[in-house]
Amino acid sequence: MIPVLNEEENLPLVLEGLPPVDEVVVVDGGSIDDTVAVAREVRPDAVLVRQTRTGKGNALACGLAAASGDIVVTLNGDGSADPGELPRFVDAVLSGAQVAHGSRYRHGGAQLSGPRLERLADRLLCALVNAVFGTRFTDLGYGYNAYRRDVLPMLDLPATVRPGSRRGGRPWGDGPEIGPLLTLRTGTARLRIVEVASIGYPRIHGPSQRRALRGLGWGLRAAWTEYQRRHSTSPPDTTALRAAPQHGTPGAGAQSPRPAGARHSAARVAVSRRPARAAGAGSAGRTTAGSVPGRGRGRGRPDA
């Protein structure tokens, strides 16, 4: 599932770099360039969705609602992540994880874009969140993730048809806070989480829109609101993430061993518009996700 906004130059590379998958969902945020036309040209059978409000959080909510796969992979449309890494996320889920969370700061991963201040801010935010919530995340806001369909309701995203506030603002969870918000909600729920090492690249075309201090601010606000939310109800299990590597998923840290009786054939993965099988998905699997073409399947897979 790929959220996009004015990515006519980057999206073709992302779509063309996708490995074989069952479904591609492209969520447009109201692009004023040829993003939608490009998506139709490159992937004629892609599911095109127009988000109902503004912000990346709303785009993700709309895309997750439209995806039909048993495993849904989220991927940025600006070329900042390698679609060739996608089979490793799928394999982590098929091996027993409920969530495969991408990390640029695990062994085997890297953050190749942004200033050093941004990487420092990411690490400080992770250290604070881990201390407060008892988790062991190494990357809080990365947008490359895979989810089993049955955990999507636990993310508690704002309803896609929910109107904005009376003052014209958008609901909490619609904006850039969505990255750390999703990580925190999976980490404080009773979920089996695996971190998968990933490489973050510079945006292919156009200037980066990330700001280190602004990102840190959103992360801190997300941590505070989730802390309040968590303590307003019964305390959830916060031991979802452990550092031990998951067998069969290079560069991944697993929370718990694969449950007895887990079967690869039980999952479908939503990733691309081309019907196909993701690596390691088995003959009965379906996948929905998004990815970044032009990187090459070898690039960004240091553990392969």
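Residues numbered from 1 in each chain as written. Predicted model: local features only at pLDDT ≥ 70, side-chain atom pairs only at ≥ 80, totals over all residues. Heavy atoms only, no water.

## Observations concerning the side chain of Ser-113
Rules: Here a strand is any run of E in DSSP of at least two residues, a helix any run of H or I of at least four, and the numbering for each starts at the N terminus. Contacts described as polar in this section are N or O atom pairs within 3.5 Å, which, within protein, must combine one atom able to donate a hydrogen with one able to accept it, while residues neighboring in sequence count only if both atoms come from side chains.
As for its placement among the helices and strands, Ser-113 is situated in the loop between β6 (110-111) and α5 (116-133). Of the polar contacts made by the side chain of Ser-113, one reaches the side chain of Gln-111; its length is 3.3 Å.

## Some points on the nonpolar core
If you look at soluble globular proteins, the nonpolar side chains tend to sit buried side by side. This is how the line gets drawn: As used in this record, nonpolar core signifies buried Ala, Val, Leu, Ile, Met, Phe, Trp, Tyr and Cys residues forming a set joined through side-chain atoms within 4.5 Å. When a residue's accessible area, from a 1.4 Å probe over protein chains only, is under 20% of the maximum for its type it is buried; when over 50% it is exposed; and in between it is partly exposed. Residues are treated as being in contact if the distance between any of their heavy atoms lies within 4.5 Å.
Core analysis: the biggest nonpolar cluster contains 32 residues, and Val-27, Val-129, Tyr-147, Leu-155, Leu-157 and Leu-182 have the highest contact counts within it. Secondary-structure elements contributing two or more residues to this core are β2 (23-28), α3 (56-66), α5, α6 (178-187) and α7 (212-231). For this core, the element with the highest residue contribution is α3, accounting for 5 residues. Discounting residues that sit within four places of it in the chain, Leu-155 has contacts with Leu-64, Tyr-147, Leu-182, Arg-185 and Thr-186.

## Remarks on α6
Residues spaced three or four apart along an α-helix point in a common direction, a consequence of the helix completing one turn every 3.6 residues. Burial analysis of α6 places 10 of its 10 residues in the buried class, the great majority of the element. Residues of α6 that are buried: Ile-178, Gly-179, Pro-180, Leu-181, Leu-182, Thr-183, Leu-184, Arg-185, Thr-186 and Gly-187.

## A look at empty space enclosed by the protein
Here is the rule we go by: Each cavity reported here is a set of points on a 1 Å grid over the protein atoms alone in which a 1.4 Å probe fits but cannot get out, each pocket an open set with protein on both sides within 12 Å along at least five of seven lines, and each lining residue one with an atom within 4 Å of a point. Grid points are joined across faces, edges and corners, and a volume is the space filled by probe spheres set on the points.
The tally for this structure, following the rule as stated, stands at 1 cavity of 30 Å³ or more. Here the largest cavity is characterised by a volume of approximately 40 Å³. Lining of the largest cavity is provided by Val-99, His-101, Phe-137, Asn-145, Tyr-147, Leu-182, Thr-183, Thr-186 and Ile-193. Breaking the lining of the largest cavity down by element, the ones donating at least two residues are β5 (99-103), β7 (145-148) and α6. Among the elements that line the lining of the largest cavity, the one with the most residues is α6, at 3 residues.

## Observations regarding the packing of aromatic side chains
Condition: Here the aromatic set is Phe, Tyr and Trp, taking the six-membered ring for Trp, and pairing holds for ring centres within 6.5 Å; pairs whose planes are under 30 degrees apart are stacked, those over 60 apart are edge-to-face, and all others are tilted.
Scanning the entire structure with this criterion turns up 4 aromatic pairs. Judged by centre distance (4.3 Å) and plane angle (15°), the ring pair of Phe-89 and Tyr-144 falls under stacked. In this pair, Phe-89 is assigned in helix α4 (residues 86-94) and Tyr-144 in the loop between α5 and β7, connecting sequence segments 55 residues apart. A single burial state applies to Phe-89 and to Tyr-144, both of which are buried. Ring pairs connect the aromatic residues Phe-89, Tyr-142 and Tyr-144, which therefore count as one cluster.

## Considerations on unusual backbone geometry
At Asn-6, a position not held by glycine, the phi torsion is positive, near 55°. Positionally, Asn-6 belongs in the loop between β1 (2-4) and α1 (11-16).

## Description of a nonpolar patch on the surface
As a reminder, the rule being used: Only residues whose relative accessible area exceeds 30% and that take part in no salt bridge are eligible for patches, with like-charged residues grouped when within 9 Å of each other and nonpolar side chains (Val, Leu, Ile, Met, Phe, Trp, Tyr) grouped when within 5 Å. Every accessible area reported is derived by Shrake-Rupley at a probe size of 1.4 Å, with residue values counting cover from the shown protein chains alone. A pair is scored as a salt bridge if a Lys or Arg side-chain nitrogen falls within 4 Å of a carboxyl oxygen belonging to Asp or Glu.
Together, Leu-128, Val-132, Leu-220, Trp-224 and Tyr-227 make up a nonpolar patch on the protein surface, roughly 450 Å² of accessible area in all. Put simply, the parts of the chain that give the nonpolar patch at least two residues each are α5 and α7. For the nonpolar patch, the element with the most residues is α7, which contributes 3 residues. Within the secondary structure, Val-132 is located in helix α5.

## Digging into the confidence of the model for the protein chain
Stated precisely, the cut-off is as follows: Scored between 0 and 100, pLDDT is the confidence that the predictor attaches to each residue.
Considering every residue of the protein chain, the mean pLDDT works out to 79; 72% of them sit at 70 or more. Scored below 50 in pLDDT, residues 254-286 shows 128 contacts in the model against residues more than four places distant or in partner chains.

## Considerations on the pairing of strand β3 (residues 47-50)
Operational definition: Should DSSP find at least two bridges between two strands, the strands are regarded as paired.
Bridge count between β2 and β3: 4 bridges; the pairing is parallel. The partner of Val-27 across the bridge, within β3, is Val-49.

## Description of the environment of Gly-219
Structurally, Gly-219 can be placed in helix α7. Discounting chain neighbours no more than four positions away, the residues touching Gly-219 are Leu-125 and Pro-180.

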